[in-house]
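One-letter residues, chain by chain:
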Amino acid sequence: MTNGAGADRGGPGGLDVDALLLVSFGGPEGPGDVMPFLRNVTRGRAVPELRLAEVAAHYDHFDGRSPINDQNRALLAALRERLAPLPVYWGNRNWAPYLADAVARMRADGVRRAACFVTAAFASYSGCRQYREDLAEALRQVGPGAPDFVKLRLFFDHPGFVEPMVDHCVRAVGSLPAAVRDGARLVFTAHALPLEQAVVSGPDGGAYERQLRATAEVIAARVGTRLGRSHPWQLAFCSRSGPPGVPWLEPDINDALVALAEDGEQAAVIVPVGFVSDHMEVVYDLDVEAVRTAGEHGIAVARAGTVGTDPRFVDMVADLLAERRHPDWDRPALSDEGPAHDVCPLHCCDPAGPLAFWARTGVNGSRVVMAGGAGTRAHGRPGVRRPAAAGVPADLCGRGHGRPGLSGPGLCGQPNDPGSADGRPRDEATILVEERASVARPDPPPAGE
Ligand SMILES: CC1=C(CCC(=O)O)c2cc3nc(cc4[nH]c(cc5[nH]c(cc1n2)c(C)c5CCC(=O)O)c(CCC(=O)O)c4C)C(CCC(=O)O)=C3C
Ligand SMILES: [Fe+2]
């Protein structure tokens, strides 16, 4: 059922897409890049200088070069092969090739609409909304003639992500010393977030941790089936930054390993479920720091691999693309948390939205959100679809974003916005990225790029 090939122009009610844009984080490629890269990443954020110096030192261990760009070059090559003749572009948020350069190149090549595949599986400001904002900013910078974008959905519990992770876990368990292997704990690890970001993640809050737990549970269950014994699992977080007084998701992976050792556990597998390749957080924060902690506390540890360019993961991208082209395409999801919505509704992962206000003031109780019960979970459910493209009014957004000459009294997210998959209104950045995509297109672009 995986076609998703370049020649496929989309079915009735689906979208024409004539390119794919691989969107990632970016990383430095030499010693002189490290500080400018870190300044790009942390612009406008309260990350202490001391933390920046510390992170710069991590990169120094690798001659100032993060592996992430080479990993994305490999993914880009695999996607090009898989999706040919569909053109595939690549742009990063924090380092060259930058998103705006990719968008300018697409415009020069005559691309009309691109699907954006972001290399982040879980809902959060850093993993989803910030990418949408940066895509919108790149469109603004390039200006008239820039292609339309549609962002492919989050893929945390898609089989193309889960199944390779199961294999990596099984392999990592097998690499532990035979005497302690059977009792190994699976410690699923993701990037830490400030609690405030975790609270507002997803449309209804708490999605980051819920999606992580749901995905970890599915992976652990499959590992158990494969090995014929169940391995207890837990969640931990790595790469915390920010001022010490600000609360972040816990436990830290190092603290989790120490606690396991103190409980008399002998072995653990660190499963970096929050990352799709072995970039700096993985090869330093996990492979150096966490492995050292484990060694110091006498607990045997193995680190599971990441999906990288696994053919099932590459096929998944083709499938996510096919979902947008064909509204009736299968939307596989292995947990109750998925499949994620295609289009984020208003205030999804919004650090300045109403959930953030409630979390700060306690009006709605951040406790409630963190307990994970707040979601209504209608998004992207079978049978719940975005409104038909036909008949979308031209004044879709009264501010006329991306539409020179249009203006009006309406505000983004007001009733003239056709809304996201579940009919909820959307944010300005989302509308800019998605709005033209929701307008019917009479004549598809010529085939055979
Ligand atoms: C959720 C999430 C992902 C996963 C989703 C996704 O993949 O997008 C992710 C990925 C990555 N994070 C990365 C690098 C960094 N993240 C930082 C800082 C931060 N990340 C955050 C969150 C996330 N980050 C947060 C809440 C901060 C705090 C400050 C801020 O909000 O800005 C900092 C600044 C220094 C520091 O504070 O550590 C650096 C250098 C790299 C590249 C690694 C390489 O070079 O190989 C990658 C893939
Ligand atoms: Fe979102």
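Cut-offs and rules
- Residues numbered from 1 in each chain as written.
- Chains lettered and ligands numbered in written order.
- Predicted model: local features only at pLDDT ≥ 70, side-chain atom pairs only at ≥ 80, totals over all residues.
- Heavy atoms only, no water.
- UniProt positions renumbered as here; feature names shortened; annotations may be inferred.
- Helix = DSSP H or I, 4+ residues; strand = E, 2+ residues; numbered from the N terminus.
- Contact = heavy atoms within 4.5 Å.
- Buried < 20%, exposed > 50% of the residue type's maximum accessible area, 1.4 Å probe, protein only.
- Phe/Tyr/Trp six-rings, centres within 6.5 Å; stacked < 30°, edge-to-face > 60°.
- Polar contact = N/O pair within 3.5 Å; in protein donor to acceptor, adjacent residues only side chain to side chain.
- Domains from an automatic or database assignment.
- Buried area = accessible area lost by both parts, 1.4 Å probe.
- Salt bridge = Lys/Arg side-chain N within 4 Å of Asp/Glu carboxyl O.
- Pairing = 2+ DSSP bridges.
- Axes fitted to C-alpha atoms, helices over the stretch in contact; angles between N-to-C directions.

The protein has the name Coproporphyrin III ferrochelatase in an unreviewed UniProt entry, where Parafrankia irregularis is given as its organism. Regarding the protein, the relevant UniProt record gives this comment under Function (unreviewed entry): "Involved in coproporphyrin-dependent heme b biosynthesis. Catalyzes the insertion of ferrous iron into coproporphyrin III to form Fe-coproporphyrin III."

Draft legend 1. Region of the structure containing the UniProt feature "binding site: Fe-coproporphyrin III" (unreviewed entry) in the protein. When the UniProt feature table is mapped onto this chain numbering, "binding site: Fe-coproporphyrin III" (unreviewed entry) sits at Ser66 and Tyr131. The residue serine 66 is located in the loop between α2 (49-60) and α3 (68-83) in this model. Excluding residues that lie within four positions of it along the chain, serine 66 makes contacts with Gly27, Pro28, Tyr59 and Met280. Tracing the backbone shows tyrosine 131 in helix α5 (residues 125-142). Overall, the relative accessible area of 3% leaves tyrosine 131 in the buried class. Every residue in contact with tyrosine 131, bar those within four places of it in the chain, is listed here: Val23, Ser24, Phe25, Arg93, Val118, Ala120 and Ser126.

Draft legend 2. Layout of the packing of aromatic side chains. Applying the stated rule across the entire model yields 12 aromatic pairs. Ring plane angle 65 degrees and centroid distance 6.4 Å describe the contact between phenylalanine 25 and phenylalanine 37, whose orientation is recorded as edge-to-face. Taken as a pair, phenylalanine 25 in the loop between β1 (19-24) and α1 (34-42) and phenylalanine 37 in helix α1 lie far apart in primary sequence, 12 residues in all. Since its relative accessible area comes to 2%, phenylalanine 37 is described here as buried. Relative to tyrosine 59, the ring of phenylalanine 37 has its centre 5.8 Å away and its plane inclined at 75 degrees; by these criteria the two rings are edge-to-face. Residue phenylalanine 37 is found in helix α1, and its partner tyrosine 59 is found in helix α2; the two are separated by 22 residues along the sequence.

Draft legend 3. Looking closely at the environment of serine 126. Secondary-structure assignment places serine 126 in helix α5. Classification of serine 126 as partly exposed rests on a relative accessible area of 24%. On a C-alpha basis, the gap between serine 126 and leucine 193 in space is 8.7 Å, while along the polypeptide they are 67 residues apart. Aside from chain neighbours lying at most four places away, what touches serine 126 is Arg93, Tyr131 and Gln197. Within the structure, the side chain of serine 126 is placed 3.4 Å from the side chain of glutamine 197, a separation counted as a polar contact.

Draft legend 4. Inspection of the environment of aspartate 204 at higher detail. By the secondary structure assignment, aspartate 204 is in the loop between α8 (195-199) and α9 (207-227). Aspartate 204 gets classed as buried once you look at its relative accessible area, which sits at 13%. The sequence separation of aspartate 204 and glycine 30 amounts to 174 residues, and the corresponding C-alpha distance is 41 Å.

Draft legend 5. Quick look at the domain arrangement of the protein. On domain assignment, one finds that the protein holds domain 1 (19-155 + 310-351 + 385-438) and domain 2 (159-303). Contact with domain 1, which involves 38 residues of that partner, is made by 39 residues of domain 2. Both faces combined, the contact of domain 1 with domain 2 buries some 3200 Å², and carbon together with sulfur accounts for 66% of it. Linking domain 1 with domain 2 are 2 salt bridges, by the criterion used here. The tally of links from domain 1 across to domain 2 stands at 11 residue pairs in polar contact (both at pLDDT 80 or more).

Draft legend 6. Quick peek at the pattern of salt bridges. This model, assessed by the stated rule, comprises 25 salt bridges. Aspartate 70 is paired through a salt bridge with arginine 73; the nearest N and O atoms lie 2.7 Å apart. One end of the pair, aspartate 70, and the other, arginine 73, are both in helix α3, 3 residues apart, so they sit about a helical turn from each other. What makes aspartate 70 partly exposed here is its relative accessible area of 37%. Arginine 331 is the partner of glutamate 323 in a salt bridge, and the nearest nitrogen-oxygen pair spans 3.5 Å. Sharing partners across several salt bridges, the network here consists of Arg153, Glu323, Arg324, Arg331 and Asp342.

Draft legend 7. Looking closely at the sheet that holds strand β4 (residues 148-151). Read from one edge of the open sheet, 4 strands run β2-β1-β3-β4, paired in parallel fashion. The open sheet has two edge strands, β2 (88-92) and β4, and neither has a second partner. Taking each pair of neighbouring strands and ignoring which way they run, the sheet shows an average axis angle of 30 degrees. In this fold α3 packs onto β1, β2 and β3 (113-118), with an angle of close to 160 degrees to the strand it touches most, β2.

Draft legend 8. The UniProt feature "binding site: Fe(2+)" (unreviewed entry) in the protein, seen in detail. UniProt annotation of "binding site: Fe(2+)" (unreviewed entry) refers to His191 and Glu281 when read in the numbering used here. With the annotated positions falling across 91 residues, the maximum pairwise C-alpha distance of 8.2 Å places them together in a single cluster. Its place among the elements puts histidine 191 in strand β5 (residues 185-191). Classification of histidine 191 as partly exposed rests on a relative accessible area of 23%. Leave out the neighbours within four places in its chain, and histidine 191 touches Tyr208, Phe237, Cys238, Ser239, Phe275 and Glu281. If we skip the residues at most four places from it in the chain, glutamate 281 touches His191, Ser239, Phe275 and Leu286.

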